[in-house]
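This is what each chain is made of:
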Amino acid sequence: KPPKLARRERQIVHLAIQGKAPKEIAHALELDVRTVYARTEGILRKAGLTSPHEIVPWALQHPESLRRDATCELGLHPPGCTCDSPYCQAMRIIAA
């Protein structure tokens, strides 16, 4: 069973998937970069990972851990999102 990530943790993972660095994530979410690092530690602990570099591959293998609600509201749509935004529609076309 995949771990349940908190809303902010999911948002951080989605930004990491997009290639954002911790400072960029902090800016996008209006957080202190130390908070991003603390949340990253929580993600690592919950997912059983040892390095932040493992988060993106893990997230792509466990999309069920990344519920859509916390990210779509920021315009950050997770892989497999089925909302009607142009981005998600385009991703579905590319994947088909």
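Residues numbered from 1 in each chain as written. Predicted model: local features only at pLDDT ≥ 70, side-chain atom pairs only at ≥ 80, totals over all residues. Heavy atoms only, no water.

**Regarding the overall build of the chain**
- Counting its secondary structure elements, the chain contains six helices and zero strands.
- Starting at the N terminus and walking to the C terminus, you meet the elements of the chain as α-α-α-α-α-α.
- The buried share of the chain, reckoned over its 96 residues, is 34%.
- Long-range contacts, defined here as pairs at least 24 residues apart, represent 53% of the contacts in the chain between residues at least 6 apart.
- Summed over all atoms, the accessible surface of the chain reaches about 6,100 Å², with 55% contributed by carbon and sulfur. (Helix = DSSP H or I, 4+ residues; strand = E, 2+ residues; numbered from the N terminus. Buried < 20%, exposed > 50% of the residue type's maximum accessible area, 1.4 Å probe, protein only. Contact = heavy atoms within 4.5 Å. Areas by Shrake-Rupley, 256 points an atom, 1.4 Å probe, with all protein chains shown as cover.)

**A word on the pattern of salt bridges**
- Inspection of every chain in the model, using the stated rule, returns two salt bridges.
- With its nearest N and O atoms 2.8 Å apart, the salt bridge here joins E9 to K46. Here the residue E9 occupies a position in helix 1 (residues 7-17), and K46 occupies one in helix 3 (residues 33-47), the gap between them amounting to 37 residues.
- A relative accessible area of 4% places E9 in the buried class.
- Between D32 and R34 there is a salt bridge; the shortest N-O distance is 3.0 Å.
- Of the residues examined, D32 reaches a relative accessible area of 36% and is grouped as partly exposed.
- When its relative accessible area of 62% is taken as the criterion, R34 is described as exposed. (Salt bridge = Lys/Arg side-chain N within 4 Å of Asp/Glu carboxyl O.)

**Remarks on the packing of helix 2 (residues 22-29) against helix 3**
- Packing of helix 2 against helix 3 leaves a shortest axis separation of 8 Å and a crossing angle of 110°. Here helix 3 runs roughly perpendicular to helix 2, going by the angle between their axes. On helix 3, the residues touching P22, K23, I25 and A26 of helix 2 are V33, V36 and Y37.
- Taken together, the residues that form the contact of helix 2 with helix 3 break down as six nonpolar, no polar and one charged. (Axes fitted to C-alpha atoms, helices over the stretch in contact; angles between N-to-C directions. Parallel < 35°, antiparallel > 145°, perpendicular 65-115°, else oblique. Nonpolar A, V, L, I, M, F, W, Y, C, P; charged D, E, K, R; others polar.)

**Details of the environment of K4**
- Mapped onto the secondary structure, K4 falls in the segment before helix 1.
- Here K4 falls in the exposed class, since its relative accessible area comes to 67%.
- Between the C-alpha atom of K4 and that of I43, which follows or precedes it by 39 residues, the distance is 9.5 Å.

**Details of helix 2**
- All of the buried residues along helix 2 are I25, A26 and L29. Burial along helix 2 is one-sided: seen end-on, the buried residues are contained in an arc of 100°. Away from its buried face by more than 90 degrees, helix 2 exposes K23 and H27.
- Considering only its buried residues, helix 2 is in contact with helix 1 and helix 3.
- Of the residues flanking the end of helix 2, it is E30, one or two places downstream, whose phi is positive at about 55°. (Arc of directions from axis to C-beta.)

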